[in-house]
Amino acid sequence: MWTEEAGATAEAQESGIRNKSSSSSQIPVVGVVTEDDEAQDVFKPMDLNRVIKLLEETDKDGLEEKQLKFVKKLVQCYQNGLPLRDLAQIFKILNLCSGKIKNQPRFIESAYDIIKLCGLPFLKKKVSDEITYAEDTANSIALLGDLMKIPSSELRIQICKCIVDFYHAEPPKKHIPGYQQASSSYKIQMAEVGGLAKTMVQSMTLLENQLVEKLWVLKVLQHLSTSEVNCTIMMKAQAASGICTHLNDPDPSGQLLFRSSEILWNLLEKSSKEEVIQQLSNLECLLALKEVFKNLFMRGFSHYDRQLRNDILVITTIIAQNPEAPMIECGFTKDLILFATFNEVKSQNLLVKGLKLSNSYEDFELKKLLFNVIVILCKDLPTVQLLIDGKVILALFTYVKKPEKQKIIDWSAAQHEELQLHAIATLSSVAPLLIEEYMSCQGNARVLAFLEWCESEDPFFSHGNSFHGTGGRGNKFAQMRYSLRLLRAMVYLEDETVNKDLCEKGTIQQMIGIFKNIISKPNEKEEAIVLEIQSDILLILSGLCENHIQRKEIFGTEGVDIVLHVMKTDPRKLQSGLGYNVLLFSTLDSIWCCILGCYPSEDYFLEKEGIFLLLDLLALNQKKFCNLILGIMVEFCDNPKTAAHVNAWQGKKDQTAASLLIKLWRKEEKELGVKRDKNGKIIDTKKPLFTSFQEEQKIIPLPANCPSIAVMDVSENIRAKIYAILGKLDFENLPGLSAEDFVTLCIIHRYLDFKIQATHKQRELANKSWEDFLARTSNAKTLKKAKRLQEKAIEASRYHKRPQNAIFHQTHIKGLNTMVPSGGVVTVESTPARLVGGPLVDTDIALKKLPIRGGALQRVKAVKIVDAPKKSIPTSWLEKMNVDIHEVARKQR
């Protein structure tokens with residue numbers, strides 16, 4: 001280790017050797033230089049412990065100069081890098097220097113120089129040094145954040161520069177034999193372990209009016225936020241709200257807004273998104289975002305400004321997903337609606353006066369983002385009135401029309417197509433909330449006219465570049481797809497005004513026509529889109545025809561034909577994943593809503609072997625379809641022509657419909673865990689239909705409007721439907737059954753009896769309860785026994801150790817003659833006439849002040865008249881009325 005005495009001795013020895021060498025004859029000397037010698041030449045030996053001890057001293061004269069001199073030597077010693085093994089001592093020296101700054105300002109320069117060294121490479125002598133000195137390194141780097149408390153602009157900026165250098169590592173200026181540079185990410189990892197991000201976030205509160213230092217800290221946080229670990233630390237330190245509230249701070253350079261938005265992006269992406277949104281969902285943050293967005297929207301003209309504006313809008317959209325965010329209260333919702341519609345609906349608002357969007361990429365993205373934010377905002381119902389005031393429906397409908405020739409359009413053809421699809425998709429979310437505005441804009445007529453153009457042969461080359469344009473390149477499928485989605489959303493509101501208007505405009509015939517046109521021109525290339533279009537058409541028809549016989553008649557045979565066409569689809573396609581499953585569900589739904597209940601359509605469906613097709617689908621044994629198909633079969637069995645079709649059907653290996661239904665029953669019972677022996681006979685006669693699920697199910701209290709578990713059991717499993725179908729076939733003369741089938745058929749036949757059985761059990765329990773009640777009221781011994789049991793139960797429920805200061809309440813009520821607990825309602829009968837003296841004899845009884853006595857009311861001979869009237873009512877008139885006093889009192893009450 002280096003000391004002053006050792007240094008002086010070394011210099012004297014070196015001088016003597018030189019003199020001796022020069023005086024004697026010169027003899028060549030060959031020296032061997034080792035790596036350690038070279039390392040010592042780079043890192044001059046220095047006793048760091050002595051420097052620490054020196055800095056800790058306080059009472060000597062001239063001590064400050066000596067301390068500064070030693071720190072300066074230390075800085076010179078480590079100009080090529082900091083060895084990991086010396087890092088803890090060096091940072092202890094830095095901490096001691098920073099502690100002296102308040103009373104000895106000259107130590108600012110010393111601390112500055114040492115911090116500057118931290119930007120140099122960290123060096124390791126052994127590979128294991130990174131692990132060995134990890135804790136010391138992490139604690140040392142964490143100290144940099146603590147030093148931000150020192151009120152020195154130069155020092156704070158140097159700390160920030162040092163941390164930024166962590167992310168831009170450079171090789172050592174000079175190769176040091178025996179040492180290697182630590183890995184490039186080592187400093188970054190140690191900054192994460194030490195929690196540097198937290199102290200840097202906290203330092204923001206110290207820099208309210210120091211713009212330069214604030215910008216440097218934001219630059220540091222921008223680098224730190226590239227790590228998920230640091231983002232989590234920053235999020236917990238409330239970095240999101242702290243940064244967002246200062247977005248509007250004055251900054252001529254524009255760096256503050258850019259770096260702040262980048263940090264917010266990183267926090268949303270790399271930490272808990274929900275927590276960050278919660279931090280930003282306050283009035284102060286949203287007001288800041290609102291002002292920033294307005295300024296950029298109205299005054300930002302550069303490419304950079306427009307990009308930043310769009311970034312702010314995306315952050316706002318994410319915050320708007322939180323229903324608790326005060327978007328309406330801060331006025332941001334109203335401004336966003338205005339900005340989204342001012343191009344389509346002229347406004348006199350000063351915010352948009354003279355503004356016009358260009359067809360630049362950034363403005364095009366802005367328009368799509370504004371459509372998107374409307375979809376998010378409309379989920380908050382209080383926004384509806386603002387959407388009405390902003391004429392959003394009218395603005396969006398300006399895109400729902402065929403392209404007009406020879407018209408100057410602000411957007412390119414590809415941009416206009418994408419905005420058109422986006423507008424229709426937005427209408428699907430907004431229009432169901434604004435039915436009156438939708439109807440006042442002739443929404444149904446506009447959509448049907450647009451669909452007519454989609455179906456036409458007009459030449460149109462779509463680009464299909466966007467998300468909404470998927471599958472629509474060179475055709476109008478994308479436009480048709482989103483228009484049908486809009487119609488489906490409106491139909492499923494079940495608003496009679498909307499649906500009636502659609503039917504009057506010929507929607508049912510138009511939908512059937514579109515469907516027939518599609519199946520006449522198969523398109524395998526866009527098969528998935530075509531299947532979705534077909535599914536939506538069937539769902540729209542189902543919504544319009546349900547519970548309306550006249551509309552079912554309009555659906556008619558043409559509608560039945562398209563349903564039968566889908567049912568003839570190759571069953572192997574159901575597993576393709578393209579959407580055939582959804583189409584089949586829509587088809588079955590349309591049978592239920594558009595055919596059942598309309599006898600001509602039912603008969604036509606039967607004539608075209610529709611029941612055969614249903615049974616073919618049932619024979620596929622796909623559980624997701626079975627329940628729905630069986631439900632349709634039950635309804636069809638009300639038609640007397642159905643039974644013959646069911647009995648005539650034959651599946652694979654000559655399987656009959658009855659055999660298929662019985663097989664499905666056994667499969668269902670096996671899945672439900674119903675106990676049967678190997679021959680299918682009942683094992684548990686007391687619970688013949690009980691499932692394993694019901695045995696495991698605990699008693700769960702349900703609200704009155706929820707169906708019970710027993711009801712859900714009947715509705716969800718298929719046994720009740722199979723029983724109903726076989727019941728329509730009379731359970732007799734069923735062809736193609738095996739011996740096992742006949743055993744199962746007997747169980748099915750008694751299904752309803754086994755279900756009433758539970759009712760009998762409840763009735764038995766009620767009868768037993770009544771018998772017990774009668775026994776208690778008619779037999780004193782039974783009553784005493786019941787009372788003893790009741791007292792025993794009460795005693796068992798008590799705490800044996802009574803709490804202090806507890807009040808003891810007697811459970812026995814003296815003079816109680818009732819044998820059952822009293823209810824909440826007491827019926828009081830009128831006092832017998834014999835006790836009150838019959839009809840009113842004394843005509844002045846209503847005017848007398850009766851004395852209070854125990855027992856029933858009695859006639860009083862002597863009473864005092866209070867304010868008696870001059871003329872009394874004749875006694876004979878009251879006697880003729882024959883009114884009981886209690887009746888009068890009851891009426892008065």
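For the structure itself, look to the data block above.
An account of the accompanying structure is given in this report.

Some remarks on the overall build of the protein
Then step 1. Helix and strand counts for the protein stand at 45 helices and three strands.
Then step 2. With an accessible surface of roughly 50900 Å², the protein has 53% of that area assigned to carbon and sulfur atoms.

A short note on a positive patch on the surface
Then step 1. On the surface, Lys 781, Lys 784, Lys 785 and Arg 788 cluster together into a positively charged patch.
Then step 2. With respect to the helices and strands, Arg 788 occurs in helix α42 (residues 780-797).
Then step 3. Residue classification places Arg 788 among the exposed residues on the basis of a relative accessible area of 52%.

Looking at the environment of Asp 495
Then step 1. With respect to the secondary-structure elements, Asp 495 resides in the loop between α26 (477-491) and α27 (496-504).
Then step 2. A relative accessible area of 22% means that Asp 495 is categorised as partly exposed.

Points about the nonpolar core
Then step 1. Core analysis: the biggest nonpolar cluster contains 232 residues, and Met 200, Leu 221, Ile 591, Leu 614, Phe 636 and Leu 726 have the highest contact counts within it.
Then step 2. Considering every element that reaches this core, the biggest residue donor is helix α29 (residues 527-545), with 10 residues.
Then step 3. With sequence-adjacent residues up to four places away left out, Ile 591 is seen in contact with Val 563, Met 567, Leu 596, Phe 605, Leu 614, Ile 632 and Phe 636.

Quick notes on the sheet that holds strand β3 (residues 180-181)
Then step 1. Strand order in this open sheet of three strands is β1-β2-β3, and the pairing throughout is mixed. For this open sheet the edge positions go to β1 (82-83) and β3, each flanked by a neighbour on one side alone.
Then step 2. In the sheet, β1 pairs with strand β2 (residues 122-124) via two bridges, with the strands oriented parallel. Each bridged residue has a counterpart across the sheet, and for Pro 83 the counterpart in β2 is Leu 123.

So, the packing of helix α6 (residues 107-117) against helix α9 (residues 153-166)
Then step 1. Where α6 contacts α9, the axes come no closer than 9 Å and their chain directions differ by 10°. Relative to α9, α6 is oriented roughly parallel. Judged by residue contacts, Ile 108, Ala 111, Tyr 112, Ile 115 and Lys 116 of α6 engage Glu 154, Leu 155, Gln 158, Ile 159 and Cys 162 from α9.
Then step 2. Taken together, the residues of the contact of α6 with α9 sort by class into seven nonpolar, one polar and two charged.

A closer look at the side chain of Gln 279
Then step 1. Locating Gln 279 in the fold gives a position in helix α16 (residues 273-280).
Then step 2. Within the local environment of Gln 279, its side chain forms a polar contact with the backbone oxygen of Met 235, the two atoms lying 2.7 Å apart.
Then step 3. Once residues within four sequence positions are removed from consideration, Gln 279 is found in contact with Met 235, Gln 238, Ala 239, Ala 240, Ser 241 and Cys 285.

As for the pattern of salt bridges
Then step 1. In this structure the tally under the stated criterion is 28 salt bridges.
Then step 2. When the shortest N-O distance is used, the salt bridge between Arg 481 and Glu 532 registers 3.1 Å. One end of the pair, Arg 481, is in helix α26; the other, Glu 532, is in helix α29, and 51 residues separate them in sequence.
Then step 3. Exposure remark for Arg 481: the relative accessible area of 12% places this residue in the buried category.
Then step 4. Glu 532 sits in the partly exposed class, given a relative accessible area of 22%.
Then step 5. One salt bridge connects Lys 667 with Glu 671, and the closest N-O pair in it is separated by 2.8 Å.

Section: the packing of aromatic side chains
Then step 1. Inspection of every chain in the model, using the stated rule, returns 16 aromatic pairs.
Then step 2. Plain terms: the ring middles of Phe 297 and Phe 339 are 4.1 Å apart, the flat faces sit at 25° to each other, and that makes the pair stacked. Residue Phe 297 is located in helix α17 (residues 283-299), and its partner Phe 339 is located in helix α19 (residues 332-341); the two are separated by 42 residues in the primary sequence.
Then step 3. Judged by centre distance (5.0 Å) and plane angle (15°), the ring pair of Phe 605 and Phe 636 falls under stacked. Of this pair, Phe 605 sits in helix α32 (residues 599-607) while Phe 636 sits in helix α34 (residues 623-636), and the two are 31 residues apart along the sequence.
Then step 4. For Phe 605, a relative accessible area of 0% puts it in the buried group.

Details of the environment of Lys 92
Then step 1. Note that Lys 92 resides in helix α5 (residues 87-100).
Then step 2. Sequence separation between Lys 92 and Leu 48 is 44 residues; the distance between their C-alpha atoms is 9.8 Å.
Then step 3. Excluding anything up to four places from it in sequence, Lys 92 contacts Ile 52 and Glu 56.

Digging into helix α36 (residues 657-672)
Then step 1. With 16 residues, α36 should reach 22 Å at 1.5 Å per residue; the first-to-last C-alpha distance of 23 Å fits that figure.
Then step 2. Looking only at α36, the buried set comprises Ala 657, Ala 658, Ser 659, Leu 660, Leu 661, Ile 662, Leu 664, Trp 665, Glu 668, Glu 669 and Leu 672.
Then step 3. Positive phi appears at Gly 673, one or two residues downstream of α36, with a value of about 80°.

Some points on the packing of helix α13 (residues 228-236) against helix α15 (residues 255-270)
Then step 1. Interhelical geometry of α13 versus α15 gives an angle of 105° and a closest axis separation of 9 Å. If you check the angle between α13 and α15, you find them roughly perpendicular. Taken together, the residues of α15 that come into contact with α13 (itself represented by Glu 228, Cys 231, Thr 232, Met 234 and Met 235) are Ile 263, Asn 266, Leu 267 and Lys 270.
Then step 2. Partitioning the contact of α13 with α15 into residue classes produces five nonpolar, two polar and two charged.

So, how was this worked out
- Residues numbered from 1 in each chain as written.
- Predicted model: local features only at pLDDT ≥ 70, side-chain atom pairs only at ≥ 80, totals over all residues.
- Heavy atoms only, no water.
- Helix = DSSP H or I, 4+ residues; strand = E, 2+ residues; numbered from the N terminus.
- Areas by Shrake-Rupley, 256 points an atom, 1.4 Å probe, with all protein chains shown as cover.
- Patch = residues over 30% accessible without salt bridge, like charges linked within 9 Å, V, L, I, M, F, W, Y side chains within 5 Å.
- Salt bridge = Lys/Arg side-chain N within 4 Å of Asp/Glu carboxyl O.
- Lys, Arg positive; Asp, Glu negative; His and termini not counted.
- Charge placed at Lys NZ, Arg CZ, Asp CG, Glu CD.
- Buried < 20%, exposed > 50% of the residue type's maximum accessible area, 1.4 Å probe, protein only.
- Core = buried A, V, L, I, M, F, W, Y, C linked by side-chain atoms within 4.5 Å.
- Contact = heavy atoms within 4.5 Å.
- Pairing = 2+ DSSP bridges.
- Axes fitted to C-alpha atoms, helices over the stretch in contact; angles between N-to-C directions.
- Parallel < 35°, antiparallel > 145°, perpendicular 65-115°, else oblique.
- Nonpolar A, V, L, I, M, F, W, Y, C, P; charged D, E, K, R; others polar.
- Polar contact = N/O pair within 3.5 Å; in protein donor to acceptor, adjacent residues only side chain to side chain.
- Phe/Tyr/Trp six-rings, centres within 6.5 Å; stacked < 30°, edge-to-face > 60°.
- Expected span 1.5 Å × (residues − 1).

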